[in-house]
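# Summary of structural features
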Amino acid sequence: LTLAVVLPERNLTYPWAWPRVGPAVRLAAAAVNARPDLLPGFTLRWVFGSSEDRHGVCSEMAAPLAAVDLRLAHHPAAFLGPGCVYTAAPVARFTSHWRLPLVTAGAEAHGFDDKQEQFGLTTRAGPSHRKLGELGVQLHRRFNWTHRALLVYWDEKVDDRPYFFAAEGLYVQLPTLRNLTVMDIVFRDGGNFSFIIQEIKQKGR
């Protein structure tokens, strides 16, 4: 019984990088195989494919290619990873088509909540930005913030865009509060911070 692992191979800036997760996978496989009652007649093994490009960052091209290679060569029963949003999305679409489960500690974006079609077999073991949005809704209700919400976040449109997807969870959930106006301001390195402060003064009250 084979588990296909698709994760960043070396880049430790990702919490789900293989050097961090690999020891747990090895220990888990050894523990399962030490218990013949868990998977009688089967031995659990794992195979690895990298989701990194040559620069060491999550790649929406490398990850699905690795997943397809592992599927054709090893016929896995399930996938572990990827964790990055842009790499998890295409791999999860493939695994859904193959009718194979995918478990990830990442893929926090709101879009992964779609369990009707493309992400129906994706299980997220970590936090999701939808839950962050629901927390925002509860805070607004608790403190009676009923008129407007202004989201200010940093976004360079590179790599996995964590702040964009975190803000997305709030942006999607906050309008469920009746008559609440939600606006957003994006800033980048070297941006005009005086303009942002003026925008906050004008739109955030």
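All residue numbers refer to positions counted from 1 along the written sequence of the respective chain. Reporting in this predicted model follows two pLDDT cut-offs: at least 70 for local features of residues, and 80 or more for side-chain atom pairs to be given and counted; totals over whole chains, interfaces and linings ignore these cut-offs and use all residues. Each side-chain value is worked out from all heavy atoms of the structure, with water and hydrogens disregarded.

In the annotation of an unreviewed UniProt entry, the protein is listed under the name ANPRA protein and assigned to Fregata magnificens. UniProt positions are given in the numbering used here, feature names are shortened, and annotations may be inferred rather than shown by experiment. Database annotation for the protein, UniProt heading Subcellular location (unreviewed entry): "Membrane".

## Side note on the overall build of the protein
A count of helices and strands for the protein gives six helices and seven strands. Strands are runs of DSSP state E lasting at least two residues, helices are runs of H or I lasting at least four, and both sets are numbered from the N terminus onward. Sequence-ordered secondary structure for the protein, helices as α and strands as β, is β-α-β-α-β-α-β-β-α-β-α-β-α. Dimensions of the protein, computed from the C-alpha atoms along their principal axes, are close to 65 × 35 × 30 Å. Accessibility here uses a 1.4 Å probe with only protein chains present; expressed as a share of the type maximum, an area under 20% marks a residue as buried, one over 50% as exposed, and anything in between as partly exposed. Taking all 205 residues of the protein together, 41% fall into the buried category.

## Describing the packing of aromatic side chains
Two aromatic rings, taken as a pair, are described by how far apart their centres are and by the angle between their planes. Here the aromatic set is Phe, Tyr and Trp, taking the six-membered ring for Trp, and pairing holds for ring centres within 6.5 Å; pairs whose planes are under 30 degrees apart are stacked, those over 60 apart are edge-to-face, and all others are tilted. What the rule picks out here adds up to eight aromatic pairs. Residues W18 and F48 carry aromatic rings whose centres are separated by 4.9 Å and whose planes lie at 40 degrees to one another, so their mutual orientation is tilted. Of this pair, W18 sits in helix α1 (residues 18-33) while F48 is found in strand β2 (residues 45-50), placing the two residues 30 residues apart along the sequence. Judged by its relative accessible area of 23%, F48 falls in the partly exposed class. An aromatic cluster of at least three residues, connected via ring pairs, comprises W18, W46 and F48. The rule for a charge over a ring is simple: NZ of Lys or CZ of Arg within 6 Å of the ring centre, and within 35 degrees of the ring normal. Against the face of F143 rests R142, its NZ or CZ located 5.4 Å from the ring centre.

## Describing the domain arrangement of the protein
Start and end points for every domain follow an automatic or database-based domain assignment. Domain parsing of the protein yields domain 1 (2-124) and domain 2 (129-204). A separation of 31 Å is found between the C-alpha centroids of domain 1 and domain 2. Throughout, a contact is declared for two residues whenever any of their heavy atoms are within 4.5 Å. Each partner contributes to the interface: domain 1 provides 10 residues, whereas domain 2 provides 10 residues. For the pair domain 1 and domain 2, the summed buried surface comes to about 920 Å²; carbon and sulfur atoms form 54% of the total. Ionic pairing is found between D113 and R130, a salt bridge with its closest N-O pair at 3.8 Å. Polar contacts, as used here, are pairs of N or O atoms within 3.5 Å; protein pairs need one atom able to donate a hydrogen and one able to accept it. Residues neighboring in sequence count only if both atoms are side-chain atoms. On the surface where domain 1 and domain 2 come into contact, there are four residue pairs in polar contact (both at pLDDT 80 or more). Throughout this entry, Asp, Glu, Lys and Arg are counted as charged residues, while Ala, Val, Leu, Ile, Met, Phe, Trp, Tyr, Cys and Pro are counted as nonpolar. The remaining residues, Gly among them, count as polar. Tallied by class, residues from the side of domain 1 that touches domain 2 come to seven nonpolar, one polar and two charged. What counts as buried area is the accessible surface, traced by a 1.4 Å probe, that two parts surrender upon association, with contributions from both included. When a carboxyl oxygen of Asp or Glu lies within 4 Å of a side-chain nitrogen of Lys or Arg, that pair is called a salt bridge.

## Considerations on a nonpolar patch on the surface
Each patch is built from residues lacking any salt bridge and having more than 30% relative accessible area; the joining distance is 9 Å for like charges and 5 Å for nonpolar side chains (Val, Leu, Ile, Met, Phe, Trp, Tyr). Note on areas: these come from Shrake-Rupley sampling with a 1.4 Å probe, and a residue is covered only by the protein chains present in the view. Where nonpolar side chains cluster on the molecular surface, the patch consists of L132, L135, L139, F143 and W145 and spans about 470 Å² of accessible area. Structurally, F143 can be placed in the loop between α4 (129-142) and β6 (148-154). Its relative accessible area of 46% is what places F143 among the partly exposed residues.

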